[in-house]
Amino acid sequence: MPPKKLKVAIALLAVGFLLAVVIGVALGLALATTRNIQNAENLQDSKPALPTQILDYEGRLITQFFSEEKREIVSIDEIPRHLIDAVLTREDQYFYQHKGFRIVYILQALLDIVSGRAFRGGSTITQQLAGTLYADRTDISLKRKIVELWWAIQLERQLSKNEILERYLNLMYFGHNTYGVEAASQFYFKHSVRDISVAESAMLVIQLASPALYSPINRPERARKIQKEILDQMVELGYVSAEEADLSFMEYWDSYDYTRSNITSAWFEREDKAPYFSEYIRQRLEEMLLGSMDLYKEGLVVHTTLDLDKQRVADEVMDKWIRIVNNQHQVQSTNRLSYADATFLPIVDLLSLTFNIEGIRFAGSKQNANARNLFLEEINPVLDISASLFGIDELKYLTRLGYARAADKSKKTQVEGALISIDTKTGHILAMVGGSKFESTNQFNRAVQSTVQPGSAFKPLYYSAAISSRKVTPATMIVDAPVVFWNDDNTPYIPLNFKGEWKGRVLLRDALAHSMNVPSLKVLDTIGFDAAISRASTLLGITEPAEIEMIFPRKYPLGLGIVKINPLQMARAFATFPNQGRLIEPVAIRYVEDRNGKLVLEPEKALRGKQMRAGRSLQAMTPQEAYIMVNMLQSTVSSGTLRWAASTVDGFDRPIAGKTGTVQNWSDAWTVGFTPQITTAVWFGFDELGYSLGVNQTGATVAGPAWAAYMKAVHEGLPVEEFVRPNSGLIEVTVCASSGLLPTKYCNEGTVKEIFLTGTEPRDFCDLHRFESERNETLKNNIKGSILLGDPLPAEPLLPDWGEPLFEEADRPPDSGGDTGNPLLD
């Protein structure tokens, strides 16, 4: 058959088919009361997918959760007219004239399908909406066109033109996981659709055709070309003047941000005032819902415990201190490397050249490293922007490899940090920072997911067990000197203090306040591993026997915090002390409502019921024992390792307590502390093990000031509360500041008022200074006698200077005999 006749036959076939469709539609209209049409009567009751809203304690929006549909409903009356004009220009210029379809469009589409040519659409706005609601628009077939046509007619029967257009603008997909003009405008332009410009309107409607091809983020040049075409068409149709269109177009591209080229989804571009907390909430919700509801479409409203005011302070403090710690780390690393470069590497290079050892040759490797850093940090981002600007996909792929390499490098060189703050009484999570900027390559929440060593911040956990055992008191005297501890497998352990300093005789309070290692391990030795591990695991909320066995080694390094836990666990453990010894459980979600305000979940109510049923089993220690721990930890702030940190914020105007922690090799720095109202843990360190912050970056010098700054700020405006002191069971006694015993006239080093559990206060008088006084008197008499007899004075003192630290010899296992029976003094 000749081509011309074939085209005529196809056209006749299409017309015949169209007539059949029209007849079918007419018959359908006649049967409008049948069951199939009853769905059409409920068109106005349809529920579009809505994101879940996450609210803080005061009902303020934190963020929204969505998956493939990021949507916000907006009324047609709030949408600027030039956006509607742009949509009509691009999609359906006769929208207000037709009845849901146009014969010309349908014939054109049918001819495309029958002839196998590229499909050009042919759907009105009404048909597009009908296809989105009731058909599969990826199906390019006659069947789909019939379904679209059918439902388009029903939509026109049930809804007004403006109602159809409103639904269309709120339901259609605009790329990058955004649905509806409001969500799309917020994603692409960072403002509401109510404030959209003419050029932005044109850019937005392009996405209806193909966001993959015309995304202004991934393919800006293609999008720019089509945008200009639409603006020109709007000018031709009289919707906008040429001057207004040109000005808007110029302003759009003058302010365009090419640095957004790596964004692929609205998820990472969504407004989120607490991204680490939000992700924590999302994970908890998925565990609670167990698939019973779609978290991303049901329009749930989640009421959380977060306080956005405290979160803002936490973000500011941690952003500042993460930068400070990183800068200090880089300076120290550079100094060390510079010294090594200048001193040792020339020798290595000389050896390499002398003996022809290529593997150790350094010359040129530093230049290569510098070039690699220059590429990753400066050149790669420029190439990425250029790839987007000119649409070079191969270059885009290479830049993404560069970003991946940079991310891997940062794990070894980037210092991270975390802060978690909870209500001391209720366990409400008030603020959470899980690291530096939350983005697609940095989602690991170090506040709750990390497993890092707490160092000396762990000590108060088993100190509390020692207080409960009645074997020690805050006034127990311990000797801080070199000593060997023997593990059960007969391996020795020789702990050191910070910078190798020793203090000799110290009281338990001072040992904790100044974080002395040997006295702490003597406390651990006194109570035993069973008591220490039992108390620590209870406070941290670790209950499974297998997990306890895995986390807590039965070796002496345990006493220095060689365990793997996270900041949230440390915060809940420390909150037990000001909570009068009663365990708390962190809670983040108070209750959840559906889109109609009906309660769906009440996690906090369930938790309170569980706690009420648990009763006295939640009392980890007596209120009296807890108060003594609070009192001792206050000394850390007033005179111990947190004293300097407190001075950086001009001190505190309220009772406050805490403890610092620094892990071996200075790899982690901690501070955990509390007031009667708020408990907060702060951590700095690396995501990968084996790297050092530097000798000057400790819990006291970096985590402490960050903790102090946060605690000072969040307590502004709060009433000053005292730590709750039990009315009975405690007694205060004045003791010798050196021995911790009742003072005598010989106690010339001063006295202190100390607090004890009733019945554990000292009964004996101090005999330490009497002995020293008598010995010194004897020494003086001997010297006087030597002078009278004309004998020369000894070159060295006859007796040691007791003002210097005491040292002891402990080079044997504790069961080898010869000890005093008191591990605190041996």
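The paragraphs below set out a description of the structure included in this document. This one's a predicted model, so the numbers in the text were calculated from it and none came from an experiment. (Residues numbered from 1 in each chain as written. Predicted model: local features only at pLDDT ≥ 70, side-chain atom pairs only at ≥ 80, totals over all residues. Heavy atoms only, no water.)

## Thoughts on helix α18 (residues 459–469)
Basically, it comes down to this: To sort residues, take the accessible area from a 1.4 Å probe on protein chains only and compare it with the maximum for the residue type: under 20% means buried, over 50% means exposed, and anything in between is partly exposed. Helix numbering and strand numbering both begin at the N terminus, where a helix is a DSSP run of H or I of at least 4 residues and a strand a DSSP run of E of at least 2.
Of all the 11 residues making up α18, 10 are buried; the element is thus mostly covered by neighbouring parts of the structure. For α18, the set of buried residues is Lys459, Pro460, Leu461, Tyr462, Tyr463, Ser464, Ala465, Ala466, Ile467 and Ser468.

## Some remarks on the sheet that holds strand β12 (residues 589–593)
Note the threshold: By this definition, two strands are paired if DSSP reports at least two bridges between them. Axis geometry follows a simple rule: fit a line to the C-alpha atoms, using only the stretch in contact for helices, then measure angles between N-to-C directions, giving values from 0 to 180 degrees. Contacts: residue pairs with any heavy atoms within 4.5 Å of one another.
Spatially, the 5 strands line up as an open sheet ordered β2-β1-β5-β12-β13, and their pairing is mixed. The two strands at the open ends of the sheet, each matched to only one other strand, are β2 (61–65) and β13 (599–601). On average, each strand axis in the sheet is tilted by 25° relative to the strand beside it, whichever way the strands run. Its contacts with the sheet place helix α13 (residues 275–289) against β1 (52–55), β2, β5 (301–304), β12 and β13, and it is angled at close to 55° to β2.

## Here's the deal with the packing of aromatic side chains
Note the threshold: Here a pair means two rings of Phe, Tyr or Trp (six-membered ring of Trp) with centres within 6.5 Å. Their orientation is stacked below 30 degrees between planes, edge-to-face above 60, and tilted elsewhere. Counting as a charge over the ring demands two things of the Lys NZ or Arg CZ atom: a distance within 6 Å of the ring centre and an angle within 35 degrees of the ring normal.
If you walk through the whole model with that rule in mind, you get 17 aromatic pairs. Taking 5.1 Å as the distance between ring centres and 85° as the angle between the ring planes, the aromatic pair formed by Tyr276 and Phe438 counts as edge-to-face. A residue pair is termed long-range when its members are at least 10 positions apart, and Tyr276 in helix α13 and Phe438 in the loop between β7 (429–433) and α18 qualify at 162 residues. As far as burial versus exposure is concerned, Tyr276 and Phe438 are alike and both buried. Aromatic rings pair up to connect Phe187, Tyr188, Phe189, Tyr252, Trp253 and Tyr256 into one cluster. The lysine or arginine in question, Lys161, covers the ring of Phe95, its NZ or CZ lying 4.5 Å from the ring centre. It is Arg590 that lies over the ring of Tyr57; its NZ or CZ is 4.2 Å from the centre.

## A look at the pattern of salt bridges
Inclusion rule: Basic side-chain nitrogens of Lys or Arg form a salt bridge, by our definition, when they fall within 4 Å of a carboxyl oxygen of Asp or Glu.
Throughout the structure, instances matching the rule amount to 25 salt bridges. A salt bridge links Arg284 to Glu287, with the shortest nitrogen-to-oxygen separation between them at 3.0 Å. Here Arg284 and its partner Glu287 are both found in helix α13, 3 residues apart, which amounts to about one turn of the helix. Notably, a salt bridge pairs Asp319 with Arg323, separated by 3.4 Å at the nearest N-O pair. With a gap of 4 residues between them, Asp319 and Arg323 both fall in helix α14 (residues 308–343), about one helical turn apart. Here the salt bridges do not stand alone but share partners, grouping Asp56, Arg60, Asp307, Asp309 and Lys310 into one network.

No statement about biological role is implied by the geometric values presented.
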